[in-house]
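What the coordinates show
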Amino acid sequence: MVAMPGQSKGDVTGMEPVLDKATIIRPSYIASIELSPRNGPVNVEDLKADLSDEFSLVSSNLDISQRNSLDSKEHIQVCLRIRPFTASEKENESQDCVSIQDSTSIILKGPKNSMICQRSEKNVGQMVQKFTFSRVFGPETTQEEFFDGTVKQPVQDFLEGHNRLIFTYGVTNAGKTYTFQGTEADIGILPRTMDMLFKSIHGKLYPDMDFKPLRCKDYIRLTKEQVREEIAVKNSILRLMKEVRQQSNMDVAKCLDMETCRNEKEDGI
Ligand SMILES: Nc1ncnc2c1ncn2[C@@H]1O[C@H](COP(=O)(O)OP(=O)(O)OP(=O)(O)O)[C@@H](O)[C@H]1O
């Protein structure tokens, strides 16, 4: 799942509960949290409106015309990416719990054998929830399509001087790393973003290596002597890393040798 750009808080999706509230068993870690009452379906637009109210406090120093222009732009988007079943999930005949209704909404069914579903089925029938998002991407979505449909525009906005925040959010194994980082053969949104940023500054790069970052957003210009020192330090770090890697490879080889010897001894070879 991916939330982008802006910030999300708690339940960022729209939700149409079918269950009676009293029958919903809440996980213990949120048992003490009071849910605000919801009358009827809540969709992503309502949540965006709530969040926009909160953000208006942060941006209270903007003048009204600026604020109106921000409000008129959709500045919070929550996108959902549904990943395909992994090989092991296919082997274990995992159930299809998510079905895409249209480009902005999905229907979620609880797993048949989960306790919460079995209990709720006894009381009110199968537990089904509807969630809405700014956009839903199905399992067949490629990395390129996902980037083009979600992150490309905010990166373009960033290049034009606007602040944008993009983050992934989801349970373990949901596909956050795959979406952000991707694989060597099929890169994710982070390398695609970097590619776009570097392409945009192509030809404007400063060719000398005499700037050094200082305290996050500052930098200093190095003298020729300092440049030589920096290069020497970098080279010694690289040499050290190479030695450590070689040493650990040798240690692994030694362990494998010892293991082989022990096995051969046990087998009486
Ligand atoms: N869109 C996709 N297409 C194909 N495979 C995917 C996709 N998304 C995720 N996967 C695969 O699903 C598995 C879990 O994905 P991933 O490691 O990205 O999850 P994660 O959310 O980062 O998990 P964790 O929070 O535990 O780090 C990986 O094997 C990954 O290759």
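Residues numbered from 1 in each chain as written. Predicted model: local features only at pLDDT ≥ 70, side-chain atom pairs only at ≥ 80, totals over all residues. Heavy atoms only, no water.

**Considering the packing of aromatic side chains**
The final tally for this structure, using the stated rule, is 3 aromatic pairs. Seen in terms of ring centroids, Y206 and F211 are 4.7 Å apart; in terms of plane orientation they differ by 35°. Their pairing is tilted. Note on Y206: relative accessible area 38%, which makes it partly exposed. On the basis of relative accessibility, which here comes to 34%, the residue F211 falls in the partly exposed class. Residues F211 and Y219 carry aromatic rings whose centres are separated by 4.8 Å and whose planes lie at 75° to one another, so their mutual orientation is edge-to-face. Aromatic rings pair up to connect Y206, F211 and Y219 into one cluster. If you follow R81 out to its NZ or CZ, it ends over the ring of F146, 4.8 Å from the centre. (Phe/Tyr/Trp six-rings, centres within 6.5 Å; stacked < 30°, edge-to-face > 60°. Buried < 20%, exposed > 50% of the residue type's maximum accessible area, 1.4 Å probe, protein only. Lys NZ or Arg CZ within 6 Å of the ring centre and 35° of its normal.)

**Digging into the site of the ligand**
All residues adjacent to the ligand are R81, R83, P84, T86, V171, T172, N173, A174, G175, K176, T177 and Y178. Within the contact set of the ligand, an oxygen atom lies 2.7 Å away from a side-chain nitrogen or oxygen of K176. Here an oxygen atom of the ligand sits 2.8 Å away from a polar atom, N or O, in the main chain of Y178. Take the shell around the ligand: its biggest share by element is 3 residues, from helix α6 (residues 176–180). Here the shell around the ligand is built from residues that sort into 4 nonpolar, 5 polar and 3 charged. (Near = heavy atom within 4 Å. Polar contact = N/O pair within 3.5 Å; in protein donor to acceptor, adjacent residues only side chain to side chain. Helix = DSSP H or I, 4+ residues; strand = E, 2+ residues; numbered from the N terminus. Nonpolar A, V, L, I, M, F, W, Y, C, P; charged D, E, K, R; others polar.)

**Thoughts on the packing of helix α5 (residues 143–159) against helix α7 (residues 189–200)**
In helix packing, the relevant descriptors are the interaxial angle and the interaxial distance, both defined with respect to the helix axes. Close contact between α5 and α7 brings their axes to 10 Å; oriented N to C, the two are set at 45°. It follows from the interaxial angle that α5 and α7 lie oblique. Viewed along their axes, α5 and α7 form a crossing whose handedness is right-handed. Contacts from Q143, E144, F146, F147, V151, K152, V155, Q156, F158 and L159 in α5 reach I189, R192, T193, M196, L197 and S200 in α7. (Axes fitted to C-alpha atoms, helices over the stretch in contact; angles between N-to-C directions. Parallel < 35°, antiparallel > 145°, perpendicular 65-115°, else oblique. Left-handed = near helix turned anticlockwise from the far one by under 90°. Contact = heavy atoms within 4.5 Å.)

**Digging into the sheet that holds strand β3 (residues 98–102)**
Spatially, β3-β4-β5 is the arrangement adopted by the 3 strands of the open sheet, whose pairing is antiparallel. Each edge of the open sheet is held by one strand with a lone partner, namely β3 and β5 (128–132). Sheet twist, expressed as the mean angle between neighbouring strand axes with direction ignored, is 25°. Two strands pair when backbone bridges link them, and β3 and strand β4 (residues 105–109) are joined in this way by 4 bridges, in the antiparallel orientation. Pairing of I100 across the sheet is with I106, part of β4. (Pairing = 2+ DSSP bridges.)

**Quick word on the UniProt feature "binding site: ATP" (unreviewed entry) in the protein**
In this structure's numbering, the residues bearing the UniProt feature "binding site: ATP" (unreviewed entry) are G170, V171, T172, N173, A174, G175, K176 and T177. Within the secondary structure, V171 sits in the loop between β7 (167–168) and α6. We classify V171 as exposed; its relative accessible area is 63%. Tracing the chain through its elements places K176 in helix α6. Residues in contact with K176, not counting those within four places in the same chain, are T168, Y169, G170 and V171. One polar contact links the side chain of K176 to the main-chain carbonyl oxygen of G170, over a distance of 3.1 Å. (UniProt positions renumbered as here; feature names shortened; annotations may be inferred.)

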